[in-house]
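# Remarks on the overall topology
Each chain, letter by letter, is given below.
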Amino acid sequence: MTMRWEAFLDEVRERGAYDDPRDAERAARVVLALLGAHLAGEVRAHLAARLPETLALVLLNPLHAAEPLTPQRFVRATAAWIEGATEQSALWDIGAVLSTTADAAGDDLTRQILLQLPPGYDLLFGHPRAGGTAGPASAAATDLAARTERPLP
């Protein structure tokens, strides 16, 4: 079932503790554009079908990554695309958007998405794999997540 625009952005806004709904929309557009560049085939199409139409089009943008970004590089790329963002605030944005995306996708599709991404993305989606994840990228994401708090307005 496709999630409605308002419901998706309200959820991102609540999870991200955004005062301005435009901040939630900007985070959703950037994170989903970067995610879409890393997904392929039916998984990408099935996820798009669960997102509001505007965000589905962002996800389906014909950009394709030359190589998969590690979670740490995904955080850096997000920070680079959001004006005034730091890696810490980008991690917060990613968590708000990807956890909402995972809820819209459901568990089965989220598992399929994670299979297309490098290790460590499960933490960014808020769906840690049983037994944890291995590797420096996931350790860096865990460390950054542990040190990150959303700055108060």
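Residues numbered from 1 in each chain as written. Predicted model: local features only at pLDDT ≥ 70, side-chain atom pairs only at ≥ 80, totals over all residues. Heavy atoms only, no water.

## Focus on the nonpolar core
Judged by nonpolar contacts, the single largest core of 43 residues is most densely connected at Leu32, Leu35, Leu47, Phe74, Ile113 and Phe125. Per-element accounting of this core gives the leading share, nine residues, to helix α2 (residues 21-36). (Core = buried A, V, L, I, M, F, W, Y, C linked by side-chain atoms within 4.5 Å. Buried < 20%, exposed > 50% of the residue type's maximum accessible area, 1.4 Å probe, protein only. Helix = DSSP H or I, 4+ residues; strand = E, 2+ residues; numbered from the N terminus.)

## Focus: the environment of Ala80
Mapped onto the secondary structure, Ala80 falls in helix α5 (residues 71-81). In this structure the C-alpha to C-alpha distance between Ala80 and Ala90, which are ten residues apart in sequence, comes to 8.8 Å.

## Quick word on the packing of α2 against helix α6 (residues 87-105)
One can describe the packing of α2 onto α6 by two numbers: an axis separation of 9 Å at closest approach and a directional angle of 70°. Looking at the two axes, α2 sits roughly perpendicular to α6. Taken together, the residues of α6 that come into contact with α2 (itself represented by Ala27, Ala28, Val31, Leu32 and Leu35) are Asp93, Ile94, Val97, Leu98 and Thr101. Tallied by class, the residues present in the contact of α2 with α6 amount to eight nonpolar, one polar and one charged. (Axes fitted to C-alpha atoms, helices over the stretch in contact; angles between N-to-C directions. Parallel < 35°, antiparallel > 145°, perpendicular 65-115°, else oblique. Contact = heavy atoms within 4.5 Å. Nonpolar A, V, L, I, M, F, W, Y, C, P; charged D, E, K, R; others polar.)

## Things to note about the packing of aromatic side chains
Counted by the stated rule, this structure contains one aromatic pair. Ring geometry for Phe74 and Tyr121: centres 5.5 Å apart, planes at 75°, overall edge-to-face. Taken as a pair, Phe74 in helix α5 and Tyr121 in helix α8 (residues 121-124) lie far apart in primary sequence, 47 residues in all. Residue Phe74 shares its accessibility class with Tyr121, and that shared class is buried. (Phe/Tyr/Trp six-rings, centres within 6.5 Å; stacked < 30°, edge-to-face > 60°.)

## Re the pattern of salt bridges
Inspection of the entire model under this criterion finds nine salt bridges. The salt bridge involving Arg26 is made with Asp23; its shortest N-O contact spans 2.3 Å. You can see Arg26 and its partner Asp23 sitting in helix α2, three residues apart, about one turn around the helix. The salt bridge involving Arg76 is made with Glu87; its shortest N-O contact spans 3.7 Å. (Salt bridge = Lys/Arg side-chain N within 4 Å of Asp/Glu carboxyl O.)

## As for helix α1 (residues 5-16)
Given 3.6 residues to a turn, an α-helix orients residues that are three or four positions apart in the same direction. Helix length check: α1, at twelve residues, gives a terminal C-alpha distance of 16 Å against a target of 16 Å (1.5 Å per residue), a fit within 8%. All of the buried residues along α1 are Phe8, Leu9, Val12 and Gly16. Relative to the axis of α1, the buried residues are bounded by an arc of 90° and lie together on one face. Taken together, the buried residues of α1 touch α2, α4 (53-59) and α6. (Expected span 1.5 Å × (residues − 1). Arc of directions from axis to C-beta.)

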